[in-house]
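Inside the fold
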Amino acid sequence: ARPIHASLVGAIPHGKYRLIGRIGAAHVGLVDESRGSHRAAETKPVQFAIRVPDVDAWHAWISTQNVDALAAPPTNAPLGIRAFVFNDPAGYQIEVQSALRDGA
């Protein structure tokens, strides 16, 4: 396996995370655990985040899918997002979020 730091050369700082790549409106980045909701751990230390236009509609749909550890979508005013999390079937945390303002 290639060390992760080899992939980070040229990563662009962008708010609370480092932007690694962008395809259209999608982007891949790394979040500082002291600013995000997911903390480093021995097992399953990865969170996958999806930005959507309507987090409440996604939450309503996901709540019908019998997923594990579903949280209500609180508003995080300092970060400018509204988001919820759940665990996928393999135990990885998925975050679904909507921006509340431009630049969030």
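Residues numbered from 1 in each chain as written. Predicted model: local features only at pLDDT ≥ 70, side-chain atom pairs only at ≥ 80, totals over all residues. Heavy atoms only, no water.

Looking now at the pattern of salt bridges. Here the structure, examined in full by the defined rule, presents one salt bridge. Of the charged contacts, one joins Arg82 and Asp56 as a salt bridge, the two residues approaching to 2.9 Å between their closest N and O atoms. A residue pair is termed long-range when its members are at least 10 positions apart, and Arg82 in strand 6 (residues 81-87) and Asp56 in helix 2 (residues 55-62) qualify at 26 residues. The partly exposed category is assigned to Arg82, whose relative accessible area is 24%. (Salt bridge = Lys/Arg side-chain N within 4 Å of Asp/Glu carboxyl O. Helix = DSSP H or I, 4+ residues; strand = E, 2+ residues; numbered from the N terminus. Buried < 20%, exposed > 50% of the residue type's maximum accessible area, 1.4 Å probe, protein only.)

The subject of this paragraph is the side chain of His59. Here His59 is to be found in helix 2. Overall, the relative accessible area of 18% leaves His59 in the buried class. Apart from residues no more than four positions distant in its own chain, His59 is found in contact with Leu70, Ala71, Ala72, Pro73 and Phe84. (Contact = heavy atoms within 4.5 Å.)

On to the confidence of the model for the chain, then. Averaged over the chain, the pLDDT score is 74; the fraction of residues at 70 or greater is 58%. Within the chain, helix 2 carries the highest mean pLDDT (92), whereas helix 1 (residues 4-7) carries the lowest (41). In this model residues 1-10 is a low-confidence stretch, pLDDT under 50, and it forms four contacts with partners more than four residues away in sequence or in other chains. (pLDDT = per-residue confidence, 0-100.)

Glancing now at the pairing of strand 7 (residues 93-99). The side chains of a regular strand alternate between the sheet's two faces. Of all the seven residues making up strand 7, six are buried; the element is thus mostly covered by neighbouring parts of the structure. Across five bridges, strand 4 (residues 47-51) lies against strand 7 in parallel orientation. Considered in strand 7, the bridge of Phe48 is made with Ile94. Pairing of strand 6 with strand 7, which is carried by seven bridges, proceeds in the antiparallel orientation. By the bridge assignment for strand 7, Ala83 is matched with Gln97. Hairpin remark: strand 6 followed by strand 7, antiparallel, with five residues in the connecting loop; positive phi at Gly91, about 95 degrees. (Pairing = 2+ DSSP bridges.)

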